[in-house]
Each structure stands twice: as structure tokens, then as C-alpha cells.
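The primary structure of each chain is shown beneath.
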Amino acid sequence: MNDNLHTLRCFGCGARISGSEARPDFRCADCGDLFEVEYRGWANRKDQNRPNAGALKWLWRERRCSGELLDRSGVWRFRELLPILENFGNAVTLQEGNTPLYALPRAGKALGLDQLYAKHQGMNPTGSFKDTGMTAALSVARERGFEWVACASTGNTSAAMAAYAARAGMRSLVLIPEGKIAWGKLSQAMDYGAVTCQLNTDFDGCLRVLLEIVREAPIYLLNSMNPYRLEGQKTPALEIAEAFDWNVPDHLIVPGGNLANSSALGKGFKEMKELGLVARVPKISVIQAEGANPLARYMSAPGNKEFKPVEAHTRATAIRIGNPASWKKAARVVEETGGWCLDVTEAQIAIAKAELGAEGLGCEPASAVTLAGLKKLRAQSAVGDGETVVLLLTGHTLKDADYTIDFHRGTLLQPQEAAGHESEIAKLRRNAISVDATPAAVLSAMKDVPA
Ligand code: F0G
């Protein structure tokens, strides 16, 4: 770990420590809050450590044609903005990042938006945005000589951690809530050789247990309280800015669970502005599921606000989190950028997911909250007519195939959840049809399905 170029700054009390002084749970010894990585000299225009914006843009573009392993990673291609390693040769990479930015013409037309895009982070090596954070933080663990890494997870973090640990020849421990994660994700942790413990509790309970473990044993914590995870997870912000030729979109809409990703992307845009890479930042909005909405509740409460954890329930299991660790960071990003935090219902999530699927862009239910949230923001005129919007899709559709099949079979939602949405749902459902093994029967079945 390179302690010369960065410090850890407490988000609560502002205390600064070096990276090697961090406690195993990455909480501030004085006030208990989380840290964020701060780079020396970036704020000062005359400082010799401050990277040069024009040179960086050129260098990063050149690296896209490079055959070097590090340059082929969409995270380490931007390594000047995450100088956290002593030696970049220690980076553990699966060539993550460089994910596609897709136009969404049909959803855009329905919403009256000409410029609607999806940045698909599900197109990462293990199928979720977690890979970008994992390559950064696990590389720090390797450089610091740890043998074991661990996380509590709703599934994607564990899949990513297990894969990167396997690449590095390290051991990994996964704690997951029993029966509450999608099979695709559980199968990945097994495949990549993690020690996978299913605990009879929820995500928040798993995290509590893990924090006690890392205080006792020399195991490196890879949950998103680890500030190095966020350094990797900020790089999609750089990719988005680069894709728009350094003119950022008006809005970025992100799902909210443990609330690290929105925090990381906000940090990415803020640093780019500080370094003169972009002239402004997008409004960043966070969307939660109605049954797991502590930030949405907090931000919509008038007056003296108090953050209250909730008992989380949603079929979007990736974001079934009632006590998000990074809520303060995310709240600040939403407030500072002028975005919103909203929640959406189970039916709105399922419909949005099917609409994205119908554009050829499958995603996880947790990712679809972004389109569902955009519809609400549009209805409230929070997103204006000519504005450019990017939805951040966080996970691949194959992560949770059961959810998709249940939707198309008509067994996902209870009638009271679907009430008022019946005709929208009927138009989107494409259940598999059992027909006789004759051309005539197949041709006739085709006629019965709406266009
Ligand atoms: N989308 C997906 C697909 C996720 O897996 C997660 C979080 C989120 C959105 C929310 O991101 O937590 O940074 O606000 N999944 C974690 C996990 C918690 O354990 O895989 P966040």
C-alpha cells in the first residue's frame, strides 16, 4: 500500500490517519465513522502531486489500445486517480471495467427523453459492478500480505471477492443470509472456492458477525466500509465522463443498498471536477426498494432528521439492506449534487426490469430500480425535457434468473402488489408456451402473442 500519496480522512470527525493505521473494521477510533481516501496535493493547483487533466485524458485514451494487462483493466487504466498501491504490479485484475454505455431508445421515447442511456456494470467479469471495487481493495490486501479476505454479502460482493481472491491465490470467507440470496451468486462463491457460510440472519446480521471476526483474526475486510473498494467503484464515473467527451450527463441514477456505490460515483465526479477534468458534476439520485428504504425515508423527512434503520424486505435481494453502512456519504452526494432519493414498489421494479429486458438489456431486479425511479422523477418534473440521463445497471440478468422466470410466469407478484399495473404487466409478460411438436402448432402460437 502506498502511504505516501494518500491518507484516510474520517467522514465524521475529519481525523486523518495513514492507510496502515486503519483498524480491521475500518471505523474511526475517535468517532466510529467511516473513512475515505484522500490524495495529497490534488486540491492545490500548484502542487507537484496534482495530476494534469489534459495529459491524463490523452494517456487514458492511449491505454485503450495497449496490450498491457493493467491498461486493459477499466479500473487500472485510470490508475493515476487511484494511487493506492506501492507497486501496480501487485494489482489483481480480471480485466474489469470498460463496460458498455447503451442508448435506451424505447424507454427514452416513452419518457420523452432523447438522451437516455444505461451504463451496464453487469457486464463485468463476475457479472456485477463489485468487480471494480474488488480489484482495488483486494490488491491492497495482497500487497499488505494477508492470506484471508472476507465479506458479508447479499451475493454480488461475495461472488466478486471469491473470484479475485482465487486469482490472487488467497483464501476467502463469505457470510450470506440463508435463503435470501440469488442462486447464481451463491454458485459463483462456491465455484471460486470461497468458504461460504450461510447464517440464519439477514445481511445486517451477517455484517455484525463478520466485524467481530475481523477484530479477532488476521482477516482483511472487503465490505464497502473498506475505503479502497470505493476507489475502484469510482472509475465508472470516469468512463461515463470519457464517453461523453468530458461533458457529463445531467443526471446519474443509481440503486441504493449499502450505499457505497452512489458514494463512490459521487467521489469520482467530485475529484474529476477538482482536477479540472470536467466542468460540472451530474445530479446523482439514489433509488431504493420501498421495503428497504432507510435513506429515502431519512431524506424525505422534514426538519430534524434522524437516520432510522429498517427491517428490510424486497425481492430485489441485492439491495435488501436495512442499516446501510455508507448512508452519510450517500446522503451528502445526493445533497451536494442536487439529486434525489426515492423509493419504488415491487411492481414498479418488476415492470422496469421487463422493459429493460425488452430493449435487449437484461439486468438484476436491483438494477431496474433506476428506470422505475426515473419514471417517478420524470413525473415530478425533476428531470427536464432536453436532459441527458444515465442509469447505472449494477448486475447481470443471469444472476437471478428465478426472479425473471417468476415474473413471466405470473407468479412473482401478489395480486395486491400488481393492482393498477395489470395491463402493463400483461403486455410485458412472455411466458414460455408448451405446444405440440409441429410447425403448424408453433406458427399458430406465434399469432397469439402481442407485438
Ligand atoms: N445493485 C446490485 C446488483 C448489488 O449487488 C448491490 C449491492 C447494489 C445494487 C447496491 O449497491 O450497496 O453500494 O448501495 N450489493 C451488496 C452485496 C450489498 O453484498 O453484493 P450499494
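See above for the structure.
Owing to the predicted nature of the structure, the values given are computational and were not obtained by experimental measurement.

1. Concerning the pattern of salt bridges
Moving on, step 1. By the definition in use, this model includes 24 salt bridges.
Moving on, step 2. With a closest N to O distance of 2.8 Å, Glu-231 and Lys-267 form a salt bridge. Placement of the pair is Glu-231 in helix 8 (residues 227–233) and Lys-267 in helix 10 (residues 260–274), with a sequence separation of 36 residues.
Moving on, step 3. Relative accessible area serves as the criterion here: at 0%, Glu-231 is assigned to the buried category.
Moving on, step 4. Linked through salt bridges whose partners overlap, the residues forming this network are Arg-63, Asp-71, Arg-79 and Glu-80.

2. A few points about the site of the ligand
Moving on, step 1. In the vicinity of the ligand lie 20 residues, with Ser-153, Thr-157, Asn-258, Leu-259 and Thr-394 positioned nearest.
Moving on, step 2. Contact distances for the ligand include 2.8 Å between an oxygen atom and a backbone N or O atom of Thr-154.
Moving on, step 3. Alone, the ligand offers 470 Å² of accessible surface; in the complex the protein occludes 98% of this.
Moving on, step 4. Contributing elements (two or more residues each) for the shell around the ligand: helix 5 (156–168) and helix 10.
Moving on, step 5. Taken together, the residues of the shell around the ligand break down into eight nonpolar, 10 polar and two charged.

3. Section: the environment of Gly-155
Moving on, step 1. Among the structural elements, Gly-155 can be located in the loop between strand 6 (148–152) and helix 5.
Moving on, step 2. According to the relative accessible area criterion, Gly-155 is buried, its value standing at 0%.
Moving on, step 3. Residues Gly-155 and Phe-26, 129 residues apart in the sequence, show an inter-C-alpha distance of 21 Å.
Moving on, step 4. Contact partners of Gly-155, with chain neighbours within four places excluded, come to Ile-181 and Lys-185.

About the thresholds
Residues numbered from 1 in each chain as written. Predicted model: local features only at pLDDT ≥ 70, side-chain atom pairs only at ≥ 80, totals over all residues. Heavy atoms only, no water. Salt bridge = Lys/Arg side-chain N within 4 Å of Asp/Glu carboxyl O. Helix = DSSP H or I, 4+ residues; strand = E, 2+ residues; numbered from the N terminus. Buried < 20%, exposed > 50% of the residue type's maximum accessible area, 1.4 Å probe, protein only. Near = heavy atom within 4 Å. Polar contact = N/O pair within 3.5 Å; in protein donor to acceptor, adjacent residues only side chain to side chain. Areas by Shrake-Rupley, 256 points an atom, 1.4 Å probe, with all protein chains shown as cover. Nonpolar A, V, L, I, M, F, W, Y, C, P; charged D, E, K, R; others polar. Contact = heavy atoms within 4.5 Å.

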